[in-house]
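In case you want the letters, here they are:
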Amino acid sequence: MKIGIVCYPTFGGSGVVATELGKALALKGHKVHFITYSQPFRLDYVSENLFYHEVAVSDYPLFDYQPYELVLSSKLVDVVKYEELDLLHVHYAIPHASAAYMAKQILASQGIHVPFITTLHGTDITLLGKDPSFEPVITFAINQSDALTAVSESLKQDTYKYFNVTKEIAVIPNFICLNDYKVNNTVCQKKIYAPLGEKLLIHVSNFRKVKRVDDVLRVFDKVRQKIPAKLILVGDGPERSNVEKLCRELNTCDDIRSLGKVTNPEQILAIADLFLLTSETESFGLSALEAMASKVPVISTNTGGLPEVNVNGYSGFMSNVGDVDDMAKNALYILEDSKRLEEFKSNAYQQAAKFDIGKILPMYEKLYDSVVSGKYLVIK
Ligand code: GMT
């Protein structure tokens with residue numbers, strides 16, 4: 001099959017999922033065309049089945065805001081037509097679903113039929129999409145999609161709650177490629193960050209308000225008061241300077257290392273003992289799954305789709321949003337007993353294995369087949 005994938009190429013779970021999906025489809029012999037405004041950062045290998053088309057938005061002085069969505073629609077028309085794509089799969093509704101709809105209509109006027117699938121990832125629904133400045137367009141574009149998927153049951157329910165959606169939403173969970181997480185040489189690397197054998201906690205995110213990174217610092221501070229521990233922060237975003245301020249206030253800076261954006265998080269996750277994810281809302285929590293695939297148990301909030309990923313008391317623990325005392329208590333429970341830590345590590349890995357690409361890819365392929373053959377049942 002010839003598939004066009006649209007996603008955000010920058011750091012972020014939706015772009016990671018879209019890129020890894022495209023790579024896996026290419027390995028299975030499908031021709032995969034990425035249509036994005038820059039090369040997706042995980043699109044890091046060459047394959048005869050992988051193609052990249054840049055959406056280049058030129059800077060015209062009349063525009064205070066460049067019309068990216070129109071340029072994307074035009075590019076989709078061009079690529080579908082000349083590469084004879086069977087299907088478009090857009091990740092993150094804003095503005096990809098409406099751009100795909102526009103392209104589909106233009107192509108239809110030229111006698112070309114191309115269906116499009118929209119995968120909802122989280123903030124396109126729970127934060128941005130329901131905002132009145134987006135809602136009417138998003139509702140329309142979602143309903144016009146030939147098929148809809150959500151990355152968790154929780155996101156599916158949120159979509160029905162916030163939007164007047166008339167279509168069935170298929171839940172296809174996010175995934176990891178378990179083979180990518182078999183990293184060696186961890187003992188040596190761990191000494192760099194925990195020279196005295198301290199326990200190593202880690203947080204990976206885009207440092208937006210919704211991640212409540214302040215809570216990560218507060219949980220770490222409580223843990224550090226009881227046992228020798230270090231914290232690694234991976235990622236970057238608008239809250240980064242506030243986080244630095246708080247670490248000075250808490251006097252924890254000496255025990256915290258900020259690594260910024262990291263392309264291959266599995267290298268650093270491999271040396272960690274515990275992952276912290278304190279988000280206000282999280283429709284799936286791909287970073288938690290990546291940690292678990294690295295045998296790192298997860299202390300998280302119990303919001304959104306996280307209970308579908310992290311199993312309380314097995315792969316880690318979950319607490320209410322903002323309950324840093326409970327999170328610190330659970331972190332210590334895991335870290336203070338080395339036998340228990342090993343058990344949680346092994347459980348985390350077993351839980352992650354349920355989301356291996358080998359299990360999830362066939363779900364997407366089945367959906368593609370049914371949409372392309374026109375047999376997909378769309379009405380709720
Ligand atoms: O957190 C964001 O706003 C980024 C967004 C993205 O584009 O990566 O994350 C969402 O999609 C991820 C991939 O499906 C999910 O794992 C995240 O849980 C989801 N973020 C939120 O719901 C806050």
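Model, not experiment: these values are computed from the prediction. (Residues numbered from 1 in each chain as written. Predicted model: local features only at pLDDT ≥ 70, side-chain atom pairs only at ≥ 80, totals over all residues. Heavy atoms only, no water.)

1. With respect to the sheet that holds strand 6 (residues 147-150)
At step 1: On the basis of which strands lie adjacent, the open sheet formed by seven strands has the order 3-2-1-4-5-6-7 and parallel pairing. Pairing within the sheet leaves two strands with one partner each, and these edge strands are strand 3 (50-54) and strand 7 (169-171). Ignoring which end each strand starts from, the neighbouring axes of this sheet average 25 degrees apart.
At step 2: Along the sheet face, helix 6 (residues 153-162) touches strand 5 (116-120), strand 6 and strand 7 and points at about 160 degrees away from the line of strand 7. (Pairing = 2+ DSSP bridges. Helix = DSSP H or I, 4+ residues; strand = E, 2+ residues; numbered from the N terminus. Axes fitted to C-alpha atoms, helices over the stretch in contact; angles between N-to-C directions. Contact = heavy atoms within 4.5 Å.)

2. Some remarks on the pairing of strand 12 (residues 298-301)
At step 1: Residues of strand 12 alternate between two faces, with V298 and S300 on one and I299 and T301 on the opposite face, all of them buried.
At step 2: Pairing between strand 11 (residues 274-277) and strand 12: three bridges, direction parallel. Across the sheet, residue L277 finds its bridge partner in strand 12, namely S300.
At step 3: Of the crossover connections in this fold, the one passing from strand 11 over helix 11 (residues 286-293) to the parallel strand 12 is right-handed.
At step 4: Bridge analysis of strand 12 against strand 13 (residues 316-319) gives four bridges, and the strand direction is parallel. Along strand 13, the bridge assignment pairs S300 with M318. (Buried < 20%, exposed > 50% of the residue type's maximum accessible area, 1.4 Å probe, protein only. Right-handed = clockwise from strand over helix to strand, strands pointing away.)

3. Description of the domain arrangement of the protein chain
At step 1: Taken domain by domain, the protein chain comprises domain 1 (2-175 + 357-372) and domain 2 (178-353).
At step 2: On a C-alpha basis, the centres of domain 1 and domain 2 stand 30 Å from each other.
At step 3: Contact residues are listed per partner, giving 20 residues for domain 1 and 16 residues for domain 2.
At step 4: In this assembly, domain 1 and domain 2 are joined by one salt bridge. (Domains from an automatic or database assignment. Salt bridge = Lys/Arg side-chain N within 4 Å of Asp/Glu carboxyl O.)

4. Comments concerning the site of the ligand
At step 1: The ligand sits among 18 residues. The nearest are G13, S14, H121, R208 and E282.
At step 2: F284 is positioned with one of its backbone polar atoms (N or O) 3.0 Å from an oxygen atom of the ligand.
At step 3: Protein burial of the ligand: of its 480 Å² of free accessible surface, 95% is covered by the chains.
At step 4: The residue makeup of the shell around the ligand, split by class, is four nonpolar, eleven polar and three charged.
At step 5: Lining the shell around the ligand are residues from two domains, each supplying at least three of them: domain 1 (2-175 + 357-372) and domain 2 (178-353). (Near = heavy atom within 4 Å. Polar contact = N/O pair within 3.5 Å; in protein donor to acceptor, adjacent residues only side chain to side chain. Areas by Shrake-Rupley, 256 points an atom, 1.4 Å probe, with all protein chains shown as cover. Nonpolar A, V, L, I, M, F, W, Y, C, P; charged D, E, K, R; others polar.)

5. Let's talk about the environment of P67
At step 1: Tracing the backbone through its elements, the reader meets P67 in the loop between strand 3 and helix 2 (68-83).
At step 2: Since its relative accessible area comes to 28%, P67 is described here as partly exposed.
At step 3: Along the sequence, P67 and V57 sit ten residues apart, while their C-alpha atoms lie 7.6 Å from each other.

6. As for the state of the cysteines
At step 1: Following the criterion strictly, the structure yields one disulfide and no others.
At step 2: Linked covalently through their sulfurs, C247 and C253 form a disulfide whose S-S length is 2.3 Å. Its S-S torsion of approximately 110 degrees makes the covalent link between C247 and C253 right-handed.
At step 3: Relative accessible area serves as the criterion here: at 9%, C247 is assigned to the buried category.
At step 4: Between C177, a cysteine without a disulfide, and C7, which holds the nearest cysteine sulfur, the sulfur-to-sulfur distance is 15 Å. (Disulfide = S-S within 2.5 Å.)

7. Observations regarding the pattern of salt bridges
At step 1: In the structure shown here, the tally under the stated rule is 21 salt bridges.
At step 2: Here E20 ties to K23 by a salt bridge, and the two come within 3.5 Å at their closest N and O atoms. One end of the pair is E20 and the other is K23, both in helix 1 (residues 13-27) and three residues apart, which spans about a single turn. The same class applies to E20 and to K23, which are both buried.
At step 3: Its salt-bridge partner being E282, residue K211 comes within 3.0 Å of it at the nearest N-O pair. Taken as a pair, K211 in the loop between strand 8 (199-204) and helix 8 (213-224) and E282 in the loop between strand 11 and helix 11 lie far apart in primary sequence, 71 residues in all. When sorted by exposure, K211 lands in the same class as E282, which is buried.
At step 4: Put simply, E20, K23, R42 and E290 are held in one network by salt bridges that share partners.

8. Regarding unusual backbone geometry
At step 1: Here the amide bond leading from I94 into P95 is cis, since omega sits at -15 degrees, within 30 degrees of zero.
At step 2: Residue placement: P95 occurs in helix 3 (residues 93-109).
At step 3: Even without a glycine there, the phi angle at E84 is positive, about 55 degrees.
At step 4: Mapped onto the elements, E84 comes out in the loop between helix 2 and strand 4 (87-91).
At step 5: For E84, a relative accessible area of 55% corresponds to the exposed category.
At step 6: Positive phi, close to 50 degrees, is recorded for F207, a residue that is not glycine.
At step 7: The class of F207 is buried, set by a relative accessible area of 0%.

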